[in-house]
Amino acid sequence: LPTDLYEYLASGTDDEQTLQENLQAFKRIFLQPRVMRPVAEVDTSVTVFGRTSSMPLFISPAGVHALFDEQGECATARAAASAGVTYGHSQHATFTIEDVAAASGPGASRWYQAYILKDRSITEDLVRRAEAQGFEAIVLTVDSVVFGAREADARNGFSGLPPGLRLVNYDKYVKGAGTGAEAGAVQGEIDQRHPERPHQRIGDSQRDSQRISEPQRISEPQRMEASYADRKEAAWDQNSEKMFERELSWADVTWLKSITNLPVIIKGILRADDAVAALDAGADAITVSNHGGRQLDGALAAIDALPQVVAAVRAYNGIGNGSGNGSGKGDRNGDDGGKYDKWAGGPAPVFLDGGVRRGTDVVKALALGATAVLVGKPFYFGLAVAGERGVERMFEIFRKELEATMCLIGAANLEQIRSDPHLLCVREREGTFIRSRL
């Protein structure tokens, strides 16, 4: 990858303390394995909202995949479908909700991630588009009323997307989007900017060529209060944040629940009281996340925040610490107007997003009460290396490591991980923080 794209992907905010803590916190957790346990057959499957996935590792909803492979989110979604796991689609994607639904197929598990915009009608329409395309949950990101300071992007002049790439989910609402105005110079500018990556030719494929070159018939657009492409700020994320609503409250979760029959997952929780507030507002699940160390620097590592959130969620559901697995199993035949039966007698699912790099990390998160984990940077690097096949390879590595770890700790299924009270040994924090070098 060229420097600007590598550092956009690999960096965090400010001193990158939280970016490093997400990784180091896992290193303070040690496994105490059971031996002489029957593990001839290991079951890694997990059921969430009535959907069974082959393993408890999903694609985190993160944006702009086409920066790293021309097939972008479509390649990632196909790889997730092949692996039999859930794919999260970002509102800030470079392929549309409809593109990804078609690419991954009708049997694939997909979640749609939403930000609440200043123009609520756009937020609502995006959610309805996802629902119409068979997405199975809405992930509301709540830690991003503004974006953190990405110093690497400012240093590298990464203030906007390269020519030919857009946040295409917004095309319906932005005047002039998708009209082909950029088409004449797209490939030449890409090649001139990054001659070191001739393989990444935006528009080589028939799909991309049509998307960039051919006018789209769009209705008279609603005006958005700001554009993600004005490049007024030194770092791109500060340009795109201008669309976001800052006057948010838990009432907005209740509003979101009122416009969809899909489960709503709140992403960006690091505190027990916020988890309870989310459930009070009608949320169906919680994702413990600090945005991969790319928002508030100095925030708690995601895995360190997980135990308090799990305890609060279990207490909220009257489960207690000794039972329940957070799987959210059930069916869609509840008596609440057709909406999903949230917890079916168990606690709300709690997901962990941040710092997961190994199969052992997955096991540690499950042992602390997570229903499943989500990954971001690992799939991006796989995508950059080999496109769809690279993401498939990432899943293969995680699956092999997870199965081996389960065998070595004496767990034949995920419930045996969650129910072992002596599996983990957590050491106190040691040493001092040292900023990473990219």
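Sequence order as written defines residue numbering, which begins from 1 separately in each chain. Under the rules for a predicted model, residues below a pLDDT of 70 receive no local features and side-chain atom pairs below 80 are neither given nor counted, while totals for whole chains, interfaces and linings still include all residues. Hydrogen atoms and water are omitted, and side-chain values are computed over all heavy atoms in the structure.

## With respect to the overall build of the chain
Step number 1: Where helices and strands are cited, they refer to DSSP runs of H or I of at least four residues and of E of at least two residues respectively, numbered from the N terminus. When you go through the chain residue by residue, the secondary structure sums to 15 helices and 12 strands.
Step number 2: Taking all 438 residues of the chain together, 56% fall into the buried category.
Step number 3: In the chain, once contacts between residues fewer than 6 apart in sequence are set aside, the share between residues at least 24 apart is 75%.
Step number 4: A total accessible area of about 18,000 Å² is found for the chain, and carbon and sulfur atoms account for 49% of it. Relative accessibility thresholds used throughout: buried, under 20% of the residue-type maximum; exposed, over 50%; partly exposed, between the two (1.4 Å probe, protein chains only). Note on contacts: a residue pair is in contact if any heavy atoms of the two residues lie within 4.5 Å. Values of accessible area rely on a 1.4 Å probe in the Shrake-Rupley scheme; residue burial ignores everything except the protein chains shown.

## Details of the pairing of strand S10 (residues 350–353)
Step number 1: Going residue by residue along S10, you find Val 350 and Leu 352 tucked away on one face and Phe 351 and Asp 353 tucked away on the opposite face as well.
Step number 2: Examined bridge by bridge, strand S9 (residues 285–289) and S10 share four bridges and lie parallel to one another. From the neighbouring strand, Thr 287 faces S10, where its bridge partner is Phe 351.
Step number 3: Alignment of S10 against strand S11 (residues 372–375), held across three bridges, turns out to be parallel. When the sheet's bridge partners are listed, Asp 353 is paired in S11 with Leu 374.
Step number 4: By convention, a crossover is right-handed whenever its connection, traced from the first strand over the helix to the second and viewed with the strands pointing away, goes clockwise. Crossover connection from S10 via helix H13 (residues 359–367) to parallel S11: handedness right-handed. Between any two strands, at least two bridges found by DSSP are needed for them to pair.

## Here's the deal with the nonpolar core
Step number 1: We call a set of buried Ala, Val, Leu, Ile, Met, Phe, Trp, Tyr and Cys residues a nonpolar core when their side-chain atoms join them within 4.5 Å. Counting residues in hydrophobic clusters, the biggest one holds 112 residues, and the most contacted among them are Leu 57, Leu 352, Phe 395 and Ile 417.
Step number 2: The leading source of residues in this core is helix H14 (residues 377–409), at 10 residues.
Step number 3: Those residues in contact with Leu 352, other than ones at most four positions away along the chain, are Phe 26, Val 288, Ala 302, Ile 303, Leu 306, Ala 365, Ala 370, Ala 372, Val 373 and Leu 374.

## A short note on the pattern of salt bridges
Step number 1: Salt bridges are counted wherever a side-chain nitrogen of Lys or Arg sits within 4 Å of a carboxyl oxygen of Asp or Glu. Enumeration according to the criterion identifies 19 salt bridges in this entry.
Step number 2: Among the ionic pairs, Lys 267 bridges to Asp 353, the shortest N-O distance being 4.0 Å. A residue pair is termed long-range when its members are at least 10 positions apart, and Lys 267 in strand S8 (residues 264–269) and Asp 353 in strand S10 qualify at 86 residues. Neither residue differs from the other here; Lys 267 and Asp 353 are each classed as buried.
Step number 3: Its salt-bridge partner being Arg 271, residue Asp 273 comes within 2.6 Å of it at the nearest N-O pair.
Step number 4: A relative accessible area of 40% places Asp 273 in the partly exposed class.
Step number 5: By relative accessible area, Arg 271 is classed as partly exposed at 48%.

## Observations regarding the packing of aromatic side chains
Step number 1: Working definition: rings of Phe, Tyr and Trp (its six-membered ring) pair if their centres are within 6.5 Å, and the pair is stacked with planes under 30 degrees apart, edge-to-face with planes over 60 apart, and tilted otherwise. With the rule as written, the count across this model stands at 12 aromatic pairs.
Step number 2: For the pair Phe 379 and Tyr 380, a centre-to-centre distance of 4.4 Å together with 25° between the ring planes defines the contact as stacked. Per residue, the accessibility class of Phe 379 equals that of Tyr 380, and both read buried.
Step number 3: Through pairs of rings, three or more aromatic residues link up here, namely Tyr 8, Phe 158 and Trp 236.
Step number 4: Look at NZ for Lys and CZ for Arg. If either is within 6 Å of the ring centre and within 35 degrees of the ring normal, a charge sits over the ring. Taking NZ or CZ as reference, Arg 110 lies 5.1 Å from the ring centre of Phe 135, over its face.
Step number 5: A cation over an aromatic ring shows up here: Arg 120 above the ring of Trp 255, its NZ or CZ 5.6 Å from the ring centre.

## Comments concerning the sheet that holds S8
Step number 1: Sheet architecture is closed into a barrel: eight strands sit in the order S4-S5-S6-S7-S8-S9-S10-S11, paired in parallel fashion. Ignoring strand direction, the axes of neighbouring strands in this sheet form an average angle of 25°.
Step number 2: Of the pairings in the sheet, the one linking strand S6 (residues 110–114) to strand S7 (residues 137–141) comprises four bridges and is parallel in character. When the bridges of S7 are listed, Tyr 112 appears paired with Ile 138.
Step number 3: Whenever a helix is involved, its axis is fitted only over the stretch in contact; in every case the axis is a line through C-alpha atoms, and angles between N-to-C directions fall within 0 to 180 degrees. Taken strand by strand, helix H4 (residues 97–104) contacts strand S5 (87–89) and S6, and its axis lies near 165° from that of S6.
Step number 4: With respect to the sheet, H14 is in contact with strand S4 (57–62) and S11, its orientation differing from that of S4 by roughly 155°.

## Quick word on the packing of helix H2 (residues 17–27) against helix H12 (residues 302–316)
Step number 1: Packing of H2 against H12 brings their axes to within 7 Å, and their N-to-C directions diverge by 70°. On the basis of their axis angle, the class for H2 and H12 is roughly perpendicular. Contact with H2, carried on its side by Glu 21, Asn 22, Ala 25 and Phe 26, involves Ala 302, Ile 303 and Asp 304 of H12 and no other residues of that element.
Step number 2: Only Asp, Glu, Lys and Arg are considered charged in this grouping, and only Ala, Val, Leu, Ile, Met, Phe, Trp, Tyr, Cys and Pro are considered nonpolar; every other residue, Gly among them, is considered polar. Split by residue class, the contact of H2 with H12 holds four nonpolar, one polar and two charged. Angular relationships are summarised with four words: roughly parallel below 35 degrees, roughly antiparallel beyond 145, roughly perpendicular across 65 to 115, and oblique for the angles in between.

## Points about unusual backbone geometry
Step number 1: We note that Asp 14 has phi near 50°; this positive angle belongs to a residue other than glycine.
Step number 2: Of note, Asp 14 is situated in the loop between helix H1 (3–10) and H2.
Step number 3: Accessibility expressed as a relative area gives 32% for Asp 14, which makes it partly exposed.

## Here we look at the packing of H1 against H14
Step number 1: Two numbers describe how H1 lies on H14: the axes approach to 10 Å, and their chain directions differ by 155°. Considered as vectors, H1 and H14 are oriented roughly antiparallel to each other. Contact with H1, carried on its side by Tyr 6, Leu 9 and Ala 10, involves Lys 377, Tyr 380 and Phe 381 of H14 and no other residues of that element.
Step number 2: Residue composition of the contact of H1 with H14, by class: five nonpolar, no polar and one charged.

## Observations concerning the environment of Ser 240
Step number 1: As for its position among the elements, Ser 240 is in helix H9 (residues 236–240).
Step number 2: Taking the C-alpha atoms as reference, Ser 240 lies 7.1 Å from Ala 229; in sequence the two are 11 residues apart.
Step number 3: Discounting residues that sit within four places of it in the chain, Ser 240 has contacts with His 92, Phe 147 and Tyr 228.

## Some details on the environment of Arg 418
Step number 1: For Arg 418, the position within the fold is in helix H15 (residues 414–418).
Step number 2: As for Arg 418 and Gly 369, which are separated by 49 residues in sequence, their C-alpha atoms are 6.4 Å apart.
Step number 3: Whenever two N or O atoms come within 3.5 Å, that pair is a polar contact, provided that in protein one can donate a hydrogen and the other can accept it, and provided that, for residues adjacent in sequence, both atoms are side-chain atoms. A distance of 3.0 Å separates a polar atom in the side chain of Arg 418 from the backbone oxygen of Thr 371.

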